[in-house]
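# Geometric and topological summary
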Amino acid sequence: MTRILLAVSGGIDSMYLANRAPELFPGARFAVAHCNFALRGAESDADEAFVRAWCAEHGLECFVKRFDTRGHAAEHGVSIEMAARDLRYAWFAELRRAGGFDAVAVAHNADDNAETLLLNLLRGTGTRGLRGMGDHDGIVRPLLDIPREDIRAWMTARGLAWREDSTNADSAPKRNRIRNEVFPIFARINPSFIRTLGEDMRRFARVDDIADSYFRTVREGLTTETGDIRIPAVLALEHWEYVLWRLLEGAGLSGPTFEKLVALLRRYKDEPRGTVTIGGKTFEGTGTVLRIEKELLIIP
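Overview of the structure. Keep in mind the model is a prediction, meaning the values are calculated, not measured.

### Let's talk about helix α7 (residues 174-189)
- Spanning 16 residues, α7 covers 21 Å between terminal C-alpha atoms, matching the ideal 22 Å at 1.5 Å per step.
- Along α7, the largest kink reaches about 40° and is centred on valine 182; proline proline 184 follows within four residues of it.
- Every buried residue of α7 is accounted for by Arg175, Asn176, Ile178, Arg179 and Phe183.
- Residues of α7 that are buried sit in contact with α4 (80-99), α5 (110-123), α6 (148-157) and α8 (193-218).

### Focus on the layout of surface pockets
- If you add up the space inside the second largest pocket, you get close to 290 Å³.
- Considering the residues around the second largest pocket, the lining is formed by 14 residues, among which Trp245, Leu253, Ser254, Gly255 and Phe258 are closest to the centre.
- Among the elements of the structure, α10 (240-247) and α11 (255-270) are those that each provide at least two residues to the lining of the second largest pocket.
- No other element matches the 3 residues that α11 contributes to the lining of the second largest pocket.
- Of the residues assigned to the lining of the second largest pocket, the class counts are 5 nonpolar, 6 polar and 3 charged.

### Some thoughts on the nonpolar core
- Formed by 29 residues in total, the largest nonpolar core has its most connected members in Leu244, Leu248, Leu261 and Leu297.
- Mapped onto this core, the elements with two or more residues apiece are α8, α9 (231-235), α10, α11 and β8 (288-293).
- At 6 residues, the largest contribution of residues to this core is made by α11.
- Leucine 297 has contacts with Asp228, Ile229, Ile231, Leu244, Leu248, Leu261, Leu290, Arg291 and Ile292, leaving out every residue within four places of it along the chain.

### A closer look at the sheet that holds strand β3 (residues 61-66)
- In spatial order, the strands read β3-β2-β1-β4-β5; together these 5 strands make up an open sheet with parallel pairing. Across the chains shown, the open sheet's two edge strands, defined by having one partner strand only, are β3 and β5 (139-140).
- Bridge analysis of strand β4 (residues 103-105) against β5 gives 2 bridges, and the strand direction is parallel. By the bridge assignment, alanine 105 is partnered in β5 with valine 140.
- Strands β1 (3-7), β2 (29-36) and β4 of the sheet are contacted by helix α1 (residues 12-24), whose axis makes an angle of about 160° with β1.
- Across the face of the sheet, helix α2 (residues 42-58) comes into contact with β2 and β3 while running at roughly 170° to β2.

Calculation notes
Residues numbered from 1 in each chain as written. Predicted model: local features only at pLDDT ≥ 70, side-chain atom pairs only at ≥ 80, totals over all residues. Heavy atoms only, no water. Helix = DSSP H or I, 4+ residues; strand = E, 2+ residues; numbered from the N terminus. Expected span 1.5 Å × (residues − 1). Bend = angle between axes of the 7 residues up to and from the residue. Buried < 20%, exposed > 50% of the residue type's maximum accessible area, 1.4 Å probe, protein only. Contact = heavy atoms within 4.5 Å. 1 Å grid on protein atoms, 1.4 Å probe; cavity = no way out; pocket = protein on both sides within 12 Å on 5 of 7 lines; lining within 4 Å. Points joined across faces, edges and corners; volume = space filled by probe spheres on them. Nonpolar A, V, L, I, M, F, W, Y, C, P; charged D, E, K, R; others polar. Core = buried A, V, L, I, M, F, W, Y, C linked by side-chain atoms within 4.5 Å. Pairing = 2+ DSSP bridges. Axes fitted to C-alpha atoms, helices over the stretch in contact; angles between N-to-C directions.

Shown next as structure tokens:
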């Protein structure tokens, strides 16, 4: 029998997931995982108590873990949001392995997916960032096609309870600012914009699958045994700029730095042989420096 671990914060989305789980995963058995990030004092503890009580009422095993989220963020030099994300998914993976769960279900909905798309666009993204969220690494997101307004309507119509997170009203975090300030403007322009963006993300995903298939087809022979990039082999390809970007995904180059590299290689490719020198050029990434030696782009 399929075993699903439900990630339940106590908020409206996760309580919708919890209440609809038997319908979403017919025949499965369930348990609940609740993260107490200790960020909102008594409010966080009340969320935990609410989830524990709901699980007891519905006869579900409830796993709870309290995190030092601020300490983790300070220790690793990341934002509170990123620290909570890292802690949450690492613990979910542990629970899944230890408990033999087939998957962990999280309650990201269509609005969350649209927010992620806009955040990716604002920070700069490749085609993968246009896909939005999806299922991977044992994490499933069964609510991605359901707008938040539909979730609220369903919960309200049935008189079901949930917890409100007071920090959602704070528009300082980027995601909250998009949700609280940008989305209302979009809704006035197109009341169905959430569904429209969802449809676009599905199209983007199909295009990205095609591009990924192309990359896998042409990548053989583009790098040395040590992972350095053979510049002439890359420049010989029709879509060499995309292939180069894919080869350098993990190098930590910023967008402007990558464009400087592309501009140099474009001149080297298009102008008369010997008129553009590339050897000795360096390009700084996050914690590393790429350099060109003869016709090799050296990846440290």
